[in-house]
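For reference, the chains in residue letters:
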Amino acid sequence: MERGAAAALGCALRSPSPSPSPAPQWRPLLRCPRRDPPVPPRTLLPPARLFSENRHLDMKKGQSRNSFKTFSSSGHSGVRQNYDNLVNDKLLIDCGEDQDCVLGGIVALGKFDALHIGHRELAMHASKAGTPFLLSFVGMAEVLGWTYRPPIVAQCDRKRVLSSWAPYCRNVVPLEYQVEFSKVRSLSPRQFVERLSKDLRIKGVVAGENYRFGYKASGDAAELVKLCEEFGLSAFIVRSVMDTAKRSHNGVAATINSSDKGQVSSSRVRHALAIGDMEYVSELLGRKHRLVLMVNQKCLHERKRIVLPNSCMLNMPPAEGLYENCDLVNGGYIGPCRVIINSDTIIIEIKDENSLSPNPIEEVRQLGIEFG
């Protein structure tokens, strides 16, 4: 397991391109801050057999939902007493006491940091069986002692991104639910699948071929299929989406991490952002990267310029530099701009002064910049 479109700003690093047409408006985000009868076992894909894009699922559709939420997926084995205590805790953070938000559904398992095209592929296959759900883990860095890294997608912007996946998911917006990693860290692979089956009462899972789960990532995709069969769940293993761009810089292809096999990954997205290659970022994400900024008293508005401290950033920015052909939004589309990012501030230069209201900063709590 690796560590770790709507209107805004579209821009390419030092490479001007035609200004994009205004994207649809988005609402300003003000804060980021009955058990079913037993399901008869189904014939599942053998561990070595991968889910084909042309294969149609024949399962009953999952129940529909009217609201967005977030979820997570992972496990860890440990002392039986700890497991008994965990069973008494609800697994989904943002679901009610009944924990029936994903009842009878198909859930995609993984770390959905970047919400890139590989993640979208999992949601697409889940949608073939019903309402697609994402199970996302939160709190992994704190539990595992990882150095903090800003998210690739701002937490308050994830619903917008998932909404953009609807055309790929049979016009259904994937729903995301969160699981506190500390509650599943000590579960073995078997215990994790058992909780999915008995506590959440799902019908099946979708995972990538490199998916790892359970204590110390001891379970793999083949074991997931085996355990799901044991608990009467369907399991669909999806081939990795490969990075066909194969970008290199100064003639040298980047080495992302030891588990990198050329697949699209959140690590690749972070690398592309770190070097400021926004065209590459867009290819990996399947959309333009949006940087969300929290407006506060430290923000300055000077005619055609808005200056904000870097502390206003709610997600990972690209490398320091000048970015042309960007788009700025607040509650709606503002207009084209260019962006300068340095070590202390981010400067937004509006191309059309008339597109700014007299007090744009006082009117909203957030601004969005979308890079092409």
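Residues numbered from 1 in each chain as written. Predicted model: local features only at pLDDT ≥ 70, side-chain atom pairs only at ≥ 80, totals over all residues. Heavy atoms only, no water.

- Naming follows an unreviewed UniProt entry, where the protein chain appears as FAD synthase of Urochloa decumbens.
- The record held by UniProt for the protein chain lists under Pathway (unreviewed entry) the comment "Cofactor biosynthesis; FAD biosynthesis; FAD from FMN: step 1/1." (UniProt positions renumbered as here; feature names shortened; annotations may be inferred.)

### Quick notes on the pairing of strand 2 (residues 106-109)
And step 1. Side chains of strand 2 alternate between two faces, with Ile106 and Ala108 and Val107 and Leu109 buried alike.
And step 2. Once you follow strand 2 into helix 2 (residues 117-127) and on to strand 3 (residues 132-138), the crossover reads as right-handed.
And step 3. Relative to strand 5 (residues 204-208), strand 2 is paired through 3 bridges, and the arrangement is parallel. Bridge pairing in strand 5 places Ile106 opposite Gly204. (Buried < 20%, exposed > 50% of the residue type's maximum accessible area, 1.4 Å probe, protein only. Helix = DSSP H or I, 4+ residues; strand = E, 2+ residues; numbered from the N terminus. Right-handed = clockwise from strand over helix to strand, strands pointing away. Pairing = 2+ DSSP bridges.)

### Let's talk about the nonpolar core
And step 1. Core analysis: the largest hydrophobic core is formed by 52 residues, its most contacted members being Leu328, Ile346, Ile348, Ile369 and Phe371.
And step 2. A total of 5 residues in this core trace back to one element, the largest contributor, which is helix 9 (residues 278-285). (Core = buried A, V, L, I, M, F, W, Y, C linked by side-chain atoms within 4.5 Å.)

### Overview of the sheet that holds strand 2
And step 1. Taking strand neighbours across the sheet as the criterion, the 5 strands line up as 4-3-2-5-6 in an open arrangement whose pairing is parallel. The strands lining the two open edges of the sheet, one partner per strand, are strand 4 (175-180) and strand 6 (234-238). Taking the axes of each pair of neighbouring strands and ignoring which way they run, one obtains an average angle of 30° across the sheet.
And step 2. Here helix 2 sits on the sheet in contact with strand 2, strand 3, strand 5 and strand 6, set at roughly 155° to strand 5.
And step 3. Of the strands in this sheet, strand 2, strand 5 and strand 6 touch helix 7 (residues 221-230), which is tilted by about 160° from strand 6. (Axes fitted to C-alpha atoms, helices over the stretch in contact; angles between N-to-C directions. Contact = heavy atoms within 4.5 Å.)

### Here's the deal with the environment of Lys226
And step 1. Structurally, Lys226 can be placed in helix 7.
And step 2. With relative accessibility at 60%, the residue Lys226 sits in the exposed group.
And step 3. Once the C-alpha coordinates of Lys226 and Arg190 are considered, the two residues, 36 residues apart in sequence, prove to be 9.7 Å apart.

### As for the packing of helix 6 (residues 189-198) against helix 7
And step 1. Two elements in contact, helix 6 and helix 7, have axes separated by 10 Å at closest approach and are oriented at 50°. One element, helix 6, and the other, helix 7, form an angle in the oblique class. Crossing of helix 6 against helix 7: the hand is right-handed. Residues Pro189, Arg190 and Val193 of helix 6 pack against Glu223, Leu224, Leu227, Cys228 and Glu230 of helix 7.
And step 2. Its residues placed into classes, the contact of helix 6 with helix 7 shows 5 nonpolar, no polar and 3 charged. (Parallel < 35°, antiparallel > 145°, perpendicular 65-115°, else oblique. Left-handed = near helix turned anticlockwise from the far one by under 90°. Nonpolar A, V, L, I, M, F, W, Y, C, P; charged D, E, K, R; others polar.)

### Side note on the packing of helix 8 (residues 266-274) against helix 9
And step 1. Running from N to C, helix 8 and helix 9 point in directions that differ by 160°, and their axes come no closer than 8 Å. By the angle class used here, helix 8 and helix 9 are roughly antiparallel. Note on packing geometry: the crossing formed by helix 8 with helix 9 is left-handed. On helix 9, the residues touching Arg268, Val269, Ala272 and Leu273 of helix 8 are Met278, Tyr280, Val281, Leu284 and Leu285.

### Let's talk about the state of the cysteines
And step 1. Scanning all chains against the criterion turns up 1 disulfide.
And step 2. Between the sulfur of Cys95 and that of Cys101 lies a disulfide, 2.1 Å long from S to S. Judged by the torsion about the S-S bond (105°), the Cys95/Cys101 disulfide is right-handed. Neither Cys95 nor Cys101 differs from the other in exposure class; each is buried. (Disulfide = S-S within 2.5 Å.)

### A look at the environment of Leu233
And step 1. Residue placement: Leu233 occurs in the loop between helix 7 and strand 6.
And step 2. Owing to a relative accessible area of 4%, Leu233 belongs among the buried residues under this scheme.
And step 3. Counting along the chain gives 29 residues from Leu233 to Gly204, while the straight-line C-alpha distance between them is 4.8 Å.

### Quick notes on the side chain of Asn315
And step 1. When you line up the elements, Asn315 lands in the loop between strand 11 (305-309) and strand 12 (321-329).
And step 2. Within the local environment of Asn315, its side chain forms a polar contact with the backbone oxygen of Ile152, the two atoms lying 3.0 Å apart.
And step 3. A distance of 2.9 Å separates a polar side-chain atom of Asn315 from the backbone nitrogen of Val292.
And step 4. Setting aside residues up to four positions removed in sequence, Asn315 forms contacts with Pro150, Pro151, Ile152, Val153, Ala154, His289, Arg290, Leu291 and Val292. (Polar contact = N/O pair within 3.5 Å; in protein donor to acceptor, adjacent residues only side chain to side chain.)

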